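Summary of structural features
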Amino acid sequence: MTYDRMKAKRIAGEHCRFCGDKSSPLVKTRCCNLWICCDTAFVSIRGGGYCQFQQEYYSICHFHYNEGHQGAWQQCEECRDFLGEEQFKLESKDPINTPLF
Ligand SMILES: [Zn+2]
Ligand SMILES: [Zn+2]
Ligand SMILES: [Zn+2]
């Protein structure tokens, strides 16, 4: 298992927790330790459209981890303050924050 997207491989019996993709290389997210699909290209344009890029750049989950906040982002006051109550609620329901599979 790897956190390095360039070393990611397809894993038999596993799938991306965010979109359910079974046929793409998988990497573990640093923020939530879940399998996520990714681009393995050295130069990746916007992550090749895979979930990993979305998590890293657009999720509360990764932001929370990156900022070094404590506990779960779902209960995080700092994230809630940063985004505002409405946006926080909205984004909490986004598949990139909430694993579906
Ligand atoms: Zn995916
Ligand atoms: Zn995450
Ligand atoms: Zn936070």
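Residues numbered from 1 in each chain as written. Chains lettered and ligands numbered in written order. Predicted model: local features only at pLDDT ≥ 70, side-chain atom pairs only at ≥ 80, totals over all residues.

A closer look at the overall build of the chain
What the chain contains, in helices and strands, is four helices and two strands. Seen in sequence order, the chain has helices and strands lined up from the N terminus as β-β-α-α-α-α. Relative to a compact globule of 101 residues, whose C-alpha radius of gyration would be 13 Å, the chain shows 14 Å and is just as compact. Judged by the C-alpha coordinates and their principal axes, the chain covers about 40 × 25 × 20 Å. For the chain, buried positions account for 32% of its 101 residues. The contacts in the chain between residues at least 6 apart in sequence include a share of 37% that link residues at least 24 apart. (Helix = DSSP H or I, 4+ residues; strand = E, 2+ residues; numbered from the N terminus. Rg over C-alpha atoms; globule rule 2.2 N^0.38 Å. Buried ≥ 20, exposed ≤ 12 C-beta atoms within 10 Å, placed from the backbone. Contact = placed C-beta atoms within 7 Å.)

Quick word on helix H1 (residues 51–58)
Judged by how many residues are buried, H1 sits mostly within the fold: six of eight residues are covered. For H1, the full list of buried residues reads Cys51, Gln52, Phe53, Gln54, Gln55 and Glu56. Buried residues in H1 make contact with strand E1 (26–28), strand E2 (35–37) and helix H2 (60–66).

Regarding the nonpolar core
The biggest cluster of nonpolar side chains holds 13 residues, and the ones touching the most others in it are Cys16, Leu26, Ile36, Cys37, Cys38 and Cys51. When contributions to this core are tallied by element, the ones reaching two or more residues are E1, E2 and H1. Of the residues forming this core, the biggest block, three residues, is contributed by E2. In this structure Ile36 touches Cys16, Arg17, Phe18, Leu26, Val27, Thr29, Cys51, Gln52 and Gln55, once residues within four positions along its chain are discounted. Core analysis: the next-biggest nonpolar cluster, separate from the first, contains five residues, Ile60, Phe63, Trp73 and Cys79 among them. (Core = buried A, V, L, I, M, F, W, Y, C linked by C-beta atoms within 7 Å.)

Some details on unusual backbone geometry
The bulk of non-glycine residues show a negative phi, and the bulk of peptide bonds are trans. The backbone phi angle of Asn33 is positive, close to 55 degrees, even though this residue is not glycine. Structurally, Asn33 can be placed in the loop between E1 and E2.

Quick look at the environment of Phe88
You can see Phe88 is positioned in helix H4 (residues 85–92). Linking Phe88 and Ile60, residues 28 residues apart in sequence, is a C-alpha distance of 8.3 Å. For Phe88, the contacting residues outside a window of four places in its chain are Cys79, Arg80 and Leu83.

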